Amino acid sequence: MNGVWQKAGDRIRDALGQTGYETWIGPLTFVGLQDKTATIEAPNRFFRDWVNDRYLDLIRQTISAEAGEPVEIKLTLGNDSNGNGNGHGNDHAKTSGNRVAATPAPLAEPECRGFHPHLSQRHTFAEFVVGSSNQFAHAAALAVANQPGEKYNPLFIYGGVGLGKTHLATAISHHLWATGSRARKILFMSAEAFMNELISSLRRDRMGEFKEKFRRVDALILDDVQFLAGRERTQEEFFHTFNSLHSERHQIVLTSDKVPRDIPGLEERLRNRFESGLIADIAPPDLETRVAIVQKKAALENLSLPPEVTLYVAQNVSSNVRELEGCLTRLAALASISKSAITPEFALQALRDLIRTHEIKPDVEAIQKTVSDFFHIRLAELKSKRRPQHIAFCRQVAMYLCRKLTDSSFPAIGTAFGRDHSTVIHACNLIARRISNDSAFRFSIEKVERELKATHASAA
Ligand code: ADP
Ligand code: MG
């Protein structure tokens, strides 16, 4: 069964990033999987509480996915660490003994606390920071949460990794759950979990139950539907589920890292359904929003951060909110372990590895390559003297991005394209104007930028 843990580990690493993984998951020991319960040992109480508060859902979901059935997680303490608390005196990592055992809360008799019992309590509207990059998606999510099934159905939220899609989808779920007048069934799950349930029902010849379960919910929130790409059987079943819910005006919320038309191998009829409601995008947050996010998260964690540190983190981690959180987590952990205050020097030292990767900017060559891939033209064409309209246009986009994302001067960019600096200036002006006049175009350019950042983050 160690294989399950190993495979789950790989996915968790994808989700948390290498550093987060090493810091929090690496020190855990997988004890075994029995009676649908995986026992995992933490080296001390501090770890156990931290992992329990933040990563339990993730661990449960990935292990369940690997095991092919729902698995509960039991986090235990290593023998020699009972009661020894690095965690003592650490307010934000309070022990909550009974939550550690992680038995599923019964859905039937919910205590009315305003949280859906199975979902992360940190992902509520109250904890979501709104900025220009996400205000549309946020407003749409709120509208759906307040008037499910009425306004935008389905709501399709898309955006890059770690930008708050799951957070918003979870917030909708909590809100629907807390405000429902009747005993509402709110089902939030990943598209992958949907597929796993489907497969397991097929295998056990329980499709009747499966259909019954999904078609009876009052709202279905399906996270990461890009996962359905190329999975025909699952798409077919989901298509029927979708229609059945939609015709009853039950709310459907979908999230994805791509717009429907960019999900490869998505059946046309499903794509049409996905596009039939409201599509809202989340872009990477601007600096102001990042500062607000850092402040908010720090307050929630009882972390006192000097303004320089807040700004340092917000300035240097720009493409992904999850990584912003990773920095704070690291600061909190190190500060609590070493019992020191978070001074700017402390932060610089603590975040050295995390932040260095973000200082690497894409270079002109990387931009040329990404842009030509994006527009499906050859790199040689991009740099050639040829000037058919569409190639010239791609070249202008590439020049614009070089100017925006690198420190290269106009003449240097010109040289890289075999042109002079005035051509580059002209291109930059042209593209900038078009971006401000044409929001669809702006989306595309932002997408290229995101891709550049993503390629870079993984290369670093
Ligand atoms: P995605 O599903 O888009 O990959 P998540 O919703 O999992 O991203 O977000 C990653 C982390 O960043 C979560 O912990 C989430 O709470 C946080 N986050 C993202 N956007 C915001 C925001 N606008 N305000 C507060 N937290 C955010
Ligand atoms: Mg997500």
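Below: a short report on this structure. Remember, predicted model here, so these are calculated numbers, not experimental data.

### Remarks on the sheet that holds strand β1 (residues 29-34)
- Read across the sheet, three strands follow the order β1-β2-β3 without closing on themselves; strand pairing throughout is mixed. Of all the strands in the sheet, just β1 and β3 (72-77) have a single pairing partner and so form its edges. Averaged over neighbouring strand pairs, the angle between their axes works out to 20° when direction is ignored.
- In this structure, strand β2 (residues 37-42) lies alongside β3, joined through six bridges in parallel fashion. In the sheet register, Glu41 faces β3, and the bridge partner there is Thr76.

### What to know about the packing of helix α11 (residues 287-300) against helix α13 (residues 321-338)
- As a packed pair, α11 and α13 sit with axes 10 Å apart at the nearest point and diverge in direction by 45°. As the angle between them shows, α11 and α13 are arranged oblique. Considering the relative orientation of α11 and α13, their crossing is right-handed. Taken together, the residues of α13 that come into contact with α11 (itself represented by Arg290, Ile293, Val294, Lys297 and Ala298) are Val321, Leu324, Glu325 and Leu328.

### Section: the nonpolar core
- Ile40, Ile59, Ile63, Leu305, Leu331 and Ile342 are the most contacted members of the largest nonpolar core, which has 47 residues in total.
- The greatest single-element share of this core, amounting to eight residues, is contributed by α13.
- In terms of nonpolar packing, the next biggest core, distinct from the first, is built from 26 residues, Ala191, Leu254, Ile263 and Leu266 among them.

What counts and how
Per chain, residue numbering runs from 1 following the sequence as it is written. A letter from A marks each chain and a number from 1 marks each ligand, given out in the order of writing. Thresholds applied to this predicted model are a pLDDT of at least 70 for local features of residues and 80 or more for the giving and counting of side-chain atom pairs; totals over whole chains, interfaces and linings are not thresholded and use all residues. No hydrogens and no water enter the side-chain calculation; it runs on all heavy atoms of the structure. A pair of strands is treated as paired once DSSP finds two or more bridges between them. Strands are runs of DSSP state E lasting at least two residues, helices are runs of H or I lasting at least four, and both sets are numbered from the N terminus onward. To obtain an axis, a line is fitted to C-alpha atoms, over the contacting stretch when the element is a helix, and the angle between two such axes runs from 0 to 180 degrees between their N-to-C directions. Here the angle decides the label: under 35 degrees means roughly parallel, over 145 means roughly antiparallel, 65 to 115 means roughly perpendicular, and every other value means oblique. The crossing is said to be left-handed when, going from far helix to near helix, the turn is anticlockwise and less than a right angle, and right-handed when the turn is clockwise. Here, two residues are considered to be in contact whenever any of their heavy atoms come within 4.5 Å of each other. Throughout this description, the term nonpolar core refers to a set of buried Ala, Val, Leu, Ile, Met, Phe, Trp, Tyr and Cys residues connected via side-chain atoms within 4.5 Å. The rule is simple: take the accessible area with a 1.4 Å probe, protein chains only, and divide by the maximum for that residue type; under 20% is buried, over 50% is exposed, in between is partly exposed.

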